[in-house]
Amino acid sequence: MRDNPTVLIFGLNRKYILMCVFLLLSYNGWTQVFFNSTHIPKWHQQVDQPALVGNSEGIRTFAAFRYQWVGIEGAPMTVYAGADMKLPLKNLSGGVFFAHDRVGAATFTSANISLAYAIPVKKNSISIGVRTGLNNMSLDGSKLITPSGNIGIEDPILIGEKQSAIRPDIGIGVSYIHSVFHVGAFVNNIADFKSKLNGLTAEFNTDFGRYYGLTGAAAIPINKNISIDPAILLKMNAIHYQIDVSLATTLREKYTIGIGARGYNKKSFESLMFITKIKLLPKMSVMYSFDLLLNKINTVSHGSHEVSFLYVIPKNFNVKSAKIVNHPRYL
């Protein structure tokens, strides 16, 4: 979800004018800058929802790459990865997640640790999770193009060099986990920390904002070979919201194909999403999606691509002990 900035601070060639959405900075600017993903709502909800870490057998690892709005110079490119597992302490799970998002002259890098505690409810559970981490924002002012077409900064506030700011991030979540489905809610950036950068004449802040989310996914068996897999992720703050919904079918627990949509309000859906997943090995899967744009961005972009890999390390893996060889002098 990437909302419009309060003040436009740089100009671009017409072909790339849509990138103005991302350079978001003004004296008291406001924006939401968490990256989009088609795979997180469907397969990697642990990234946003700390209550879901360890919600699988074994050590769950994944890595993903997303290229959004292909054909637009400076369009978002995102890499994210993570791992989570049940911990030796009873009912406790943990996970680590990393993300690097490049948007024009700005980059956003984050690292988070999540812990979740599961409360058994008959055969199901209620999981409560918390996450904490750091987010680094960098802005390279030398890469900005001014309204006059010159390289450099003409805004009296911004400076024409690279600078960075680190802010902490704290989030909590709760989820009801059933053998067939899970539903839950979370809040991230609870303390509403801001990134502060120095300008020529004053300090300016980037307010990322506290945001809330609702999650849900299911794998509903139809028969031995087919299941129906709906998923939803709703992110919102006090003003804006973004919803991702998808519906997929899995055949023989190996092949998944589906369709979804992403929208920002009831009148505007940003993209139509086509998703696929293939289980290459019993514990390894590869996922791919293509986002077909439904708004005016499609006049200059060829859509968005995302690919991710998932591998689950069995929890009962064996570590072989070193072979003991008796020394001839010390029997």
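All values derive from a computational prediction rather than experimental measurement.

*Asks:* Describe the overall build of the chain, listing the residues and the values that go with them.
*Replies:* Helices and strands together make up the secondary structure of the chain, namely 1 helix and 17 strands. In the chain, which comprises 331 residues, the proportion classed as buried is 47%. Partitioning the intrachain contacts of the chain with sequence separation of at least 6 by distance along the chain shows that 54% fall at a separation of at least 24. When the accessible area of the chain is evaluated, it comes to approximately 17300 Å², of which 64% is carbon and sulfur surface.

*Asks:* Quick one: what's the story with the pattern of salt bridges, residue by residue and with numbers?
*Replies:* Within the structure shown, the criterion is met by 7 salt bridges. For R66, the salt bridge goes to D291, with nearest N and O atoms at 2.8 Å. With a gap of 225 residues between them, R66 in strand β1 (residues 59-67) and D291 in strand β16 (residues 284-293) connect regions that are remote in the sequence. Of the two residues examined, R66 and D291, each falls in the buried class. Note that D244 is salt-bridged to R262, the shortest N-O span being 2.9 Å. Highlighted residues: D244 in strand β13 (residues 241-251) and R262 in strand β14 (residues 255-265), separated in sequence by 18 residues. What makes D244 buried here is its relative accessible area of 3%. For R262, a relative accessible area of 0% corresponds to the buried category. Several salt bridges converge on common partners, so that one network encompasses R66, D244, R262, E270, D291 and E306.

*Asks:* Lay out a nonpolar patch on the surface with the relevant residues and their values.
*Replies:* Residues I220, I222, I226, L251, Y255, I278, L280 and L281 make up a contiguous nonpolar surface patch of roughly 680 Å² in combined accessible area. With 3 residues, the single largest contributor to the nonpolar patch is strand β15 (residues 268-281). Within the element layout of this structure, L280 appears in strand β15. The partly exposed category is assigned to L280, whose relative accessible area is 48%.

*Asks:* Before we move on, can you summarise the confidence of the model for the chain with the specific residues and values?
*Replies:* Scored by pLDDT, the chain has a mean of 82; 77% of the residues are at 70 or more. For residues 1-32, every residue scores under 50 in pLDDT, and the model assigns this stretch 109 contacts once sequence neighbours within four places are set aside. With pLDDT under 50 throughout, residues 317-322 is counted as low confidence; its partners more than four residues away or in other chains account for 1 contact.

*Asks:* Could you give an account of the environment of T132, naming the residues involved and the relevant values?
*Replies:* For T132, the location among the structural elements is in strand β5 (residues 124-140). With relative accessibility at 44%, the residue T132 sits in the partly exposed group. Along the chain, T132 and N188 lie 56 residues apart, while their C-alpha atoms are 9.4 Å from each other.

*Asks:* Lay out the pairing of strand β17 (residues 304-313) with the relevant residues and their values.
*Replies:* Of the two faces of β17, the one lined by S304, E306, S308, L310 and V312 is fully buried and the one lined by H305, V307, F309, Y311 and I313 carries no buried residue. Alignment of β1 against β17, held across 9 bridges, turns out to be antiparallel. Bridging across to β17, A63 finds its partner in F309. Two strands pair when backbone bridges link them, and β16 and β17 are joined in this way by 8 bridges, in the antiparallel orientation. Looking at β17, one finds that D291 is bridged to S304.

*Asks:* Go over the side chain of S125, please, and point to the residues and values.
*Replies:* Residue placement: S125 occurs in strand β5. Beyond its immediate chain neighbours, meaning those up to four positions away, S125 contacts A118, I119, P120, S175, Y176 and I177.

*Asks:* Give a detailed account of the side chain of N188, specifying residues and quantitative values.
*Replies:* Within the secondary structure layout, N188 lies in strand β7 (residues 181-188). In this structure the side chain of N188 is engaged in a polar contact, spanning 3.4 Å, whose partner is the side chain of R131. Aside from chain neighbours lying at most four places away, what touches N188 is D48, R131, D169, I170, G171, I172, R210 and Y211.

*Asks:* Could you give an account of the environment of Y311, naming the residues involved and the relevant values?
*Replies:* Mapped onto the elements of the fold, Y311 is located in strand β17. Separated by 249 residues in the primary sequence, Y311 and F62 place their C-alpha atoms 6.3 Å from one another. Among all residues touching Y311, those that are not within four sequence positions of it are I59, R60, T61, K283 and M284.

*Asks:* Tell me about the packing of aromatic side chains, and name the residues and values.
*Replies:* Taken as a whole, this structure holds 5 aromatic pairs when the rule is applied. With a centroid separation of 6.2 Å and 65° between ring planes, the pair formed by F62 and Y80 is classed as edge-to-face. You can see F62 sitting in strand β1 and its partner Y80 sitting in strand β2 (residues 77-86), a full 18 residues away along the chain. Under the relative-accessibility criterion, F62 is labelled buried at 4%. By relative accessible area, which is 2% here, Y80 ends up buried. Taken together, the ring pairs in this structure connect F35, F62, Y80 and F97 into an aromatic cluster.

Calculation notes
Residues numbered from 1 in each chain as written. Predicted model: local features only at pLDDT ≥ 70, side-chain atom pairs only at ≥ 80, totals over all residues. Heavy atoms only, no water. Helix = DSSP H or I, 4+ residues; strand = E, 2+ residues; numbered from the N terminus. Buried < 20%, exposed > 50% of the residue type's maximum accessible area, 1.4 Å probe, protein only. Contact = heavy atoms within 4.5 Å. Areas by Shrake-Rupley, 256 points an atom, 1.4 Å probe, with all protein chains shown as cover. Salt bridge = Lys/Arg side-chain N within 4 Å of Asp/Glu carboxyl O. Patch = residues over 30% accessible without salt bridge, like charges linked within 9 Å, V, L, I, M, F, W, Y side chains within 5 Å. pLDDT = per-residue confidence, 0-100. Pairing = 2+ DSSP bridges. Polar contact = N/O pair within 3.5 Å; in protein donor to acceptor, adjacent residues only side chain to side chain. Phe/Tyr/Trp six-rings, centres within 6.5 Å; stacked < 30°, edge-to-face > 60°.

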